[in-house]
Amino acid sequence: MTPDVDTVFDEVRELAKIVGVAVDEAVLSRLAPHAATYAEFTVSPHAIELIVSDEPRKVCETARALGTSNPALAAFDACIAALSPRMVGLKVPFPRHGEGSPTLYVRLLMPLDEGLSFLQSLVPIDDLRLRLAHNAVLYGLAFMGEPLIVKTYTLCDDGFESFRLDARGLRPERKAYRASATVEPATGAWGQVVAALRKRGRLRADHVATLEVGDSLVEPKLYFERIGAVPTDWSAR
């Protein structure tokens, strides 16, 4: 049974208390109309994030109102005009230390070469092209920050992988997303968050993400699609 927006937002509020972050009620009110179309939240040791979707124009208006960077907004507008995405989204963070800017997303499922042709108008892509040599499809892009950071999304063996680029080209971060993965018990403060999720029946996450920076693994992040979940097209690799 699909929950309503109030139910999802209540869950976000409860988890935010456990993580130790504040949820801005004015921001939730602004996101509520979009959340009726699509709502997903993420949980990490230091933040809660809410992802919503709607028509591109509406998403852009809300993104601008919530402080999305001008470079990210410009890249998003350019992408909408050039590539006609199948779906767009906005991710808004509620971090522990009050930092972090919104991210704009586009779901593309388009030939890789066509997507990279657009992408090279924003950032250098030579190194990225080598990393994606085994892919034929660009699943999506994301835009954030100032200076601009672009994220790419492509399918891999057990989910998605994402690379980040800026004005200098490919950055050292790689994010791996395992699909439909178990929410594993943990220790410490993160263990309390995981225990709360499991108590609420969240034994599996739609994706479990791990950020790799060089040879180091950074904190995990759990993704839960709650309204308007869109099946992954596993053929689009």
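Preceding this section is the structure that the text describes.
Student: Would you take a moment to explain the overall build of the chain for this structure?
Tutor: For the chain, the helix and strand inventory stands at 7 helices and 10 strands. Its C-alpha atoms put the chain at 45 × 35 × 35 Å along the principal axes. Counting every position in the chain, which comprises 237 residues, the buried fraction comes to 53%. For the chain, contacts bridging at least 24 residues in sequence account for 63% of all contacts bridging at least 6. Element-wise, carbon and sulfur atoms account for 51% of the exposed surface of the chain, whose accessible area totals about 11100 Å².

Student: Can you help me understand unusual backbone geometry in this one?
Tutor: Comment: phi is negative for the bulk of residues other than glycine, and the bulk of peptide bonds are trans. Cis geometry marks the peptide bond from Glu146 to Pro147; its omega dihedral reads 5°. When you line up the elements, Pro147 lands in the loop between strand S5 (137-144) and strand S6 (149-156). The phi dihedral of Ser84 falls on the positive side, at around 50°, and the residue is not glycine. Considering the arrangement of structural elements, one finds Ser84 in the loop between helix H4 (70-83) and strand S3 (87-95). Positive phi, normally seen in glycine, also occurs at Ser180, with a value near 45°. For Ser180, the position within the fold is in strand S8 (residues 169-182). Note on Ser180: relative accessible area 44%, which makes it partly exposed.

Student: Looking at this model, I keep getting lost on the side chain of Thr62. Mind explaining?
Tutor: Mapped onto the elements of the fold, Thr62 is located in helix H3 (residues 56-65). Assessed through its relative accessible area of 2%, Thr62 is described here as buried. Reaching out from Thr62, the side chain makes a polar contact with the side chain of His34 at a distance of 2.6 Å. Excluding its chain neighbours within four sequence positions, the residues that come into contact with Thr62 are Arg30, Leu31, His34 and Leu90.

Student: How should the pattern of salt bridges be read in this particular structure?
Tutor: Pairing between side chains becomes possible if they bear opposite charge and their charged atoms approach one another. All chains considered together, the criterion is met by 16 salt bridges. The closest approach of N and O atoms between Asp166 and Arg168, which form a salt bridge, is 3.5 Å. Relative accessible area serves as the criterion here: at 9%, Asp166 is assigned to the buried category. Assessed through its relative accessible area of 75%, Arg168 is described here as exposed. Salt bridges sharing common partners tie together Asp166, Arg168, Arg171 and Glu173.

Student: Any chance you could explain the environment of Lys91 here in plain terms?
Tutor: Along the chain, Lys91 turns up in strand S3. A relative accessible area of 5% places Lys91 in the buried class. Taking the C-alpha atoms as reference, Lys91 lies 5.6 Å from Leu50; in sequence the two are 41 residues apart. Filtering out sequence-adjacent residues up to four positions away, Lys91 remains in contact with Glu49, Leu50, Ile51, Pro102, Thr103, Tyr105, Lys151 and Lys221. A polar atom in the side chain of Lys91 sits 3.0 Å from the side chain of Tyr105.

Student: It is not clear to me how the packing of H3 against H4 should be interpreted in this structure. Could you clarify?
Tutor: For any two helices packed against each other, one specifies the inter-axial angle together with the distance between the axes. The interhelical angle for the contact between H3 and H4, taken along N-to-C directions, is 175°, at an axis separation of 11 Å. Taken as axis vectors, H3 and H4 run roughly antiparallel relative to one another. The residues of H4 that touch H3, namely those facing Pro56, Val59, Cys60, Ala63 and Arg64, are Leu73, Phe76, Asp77 and Ile80. Partitioning the contact of H3 with H4 into residue classes produces 7 nonpolar, no polar and 2 charged.

Rules and cut-offs
- Residues numbered from 1 in each chain as written.
- Predicted model: local features only at pLDDT ≥ 70, side-chain atom pairs only at ≥ 80, totals over all residues.
- Heavy atoms only, no water.
- Helix = DSSP H or I, 4+ residues; strand = E, 2+ residues; numbered from the N terminus.
- Buried < 20%, exposed > 50% of the residue type's maximum accessible area, 1.4 Å probe, protein only.
- Contact = heavy atoms within 4.5 Å.
- Areas by Shrake-Rupley, 256 points an atom, 1.4 Å probe, with all protein chains shown as cover.
- Polar contact = N/O pair within 3.5 Å; in protein donor to acceptor, adjacent residues only side chain to side chain.
- Salt bridge = Lys/Arg side-chain N within 4 Å of Asp/Glu carboxyl O.
- Axes fitted to C-alpha atoms, helices over the stretch in contact; angles between N-to-C directions.
- Parallel < 35°, antiparallel > 145°, perpendicular 65-115°, else oblique.
- Nonpolar A, V, L, I, M, F, W, Y, C, P; charged D, E, K, R; others polar.

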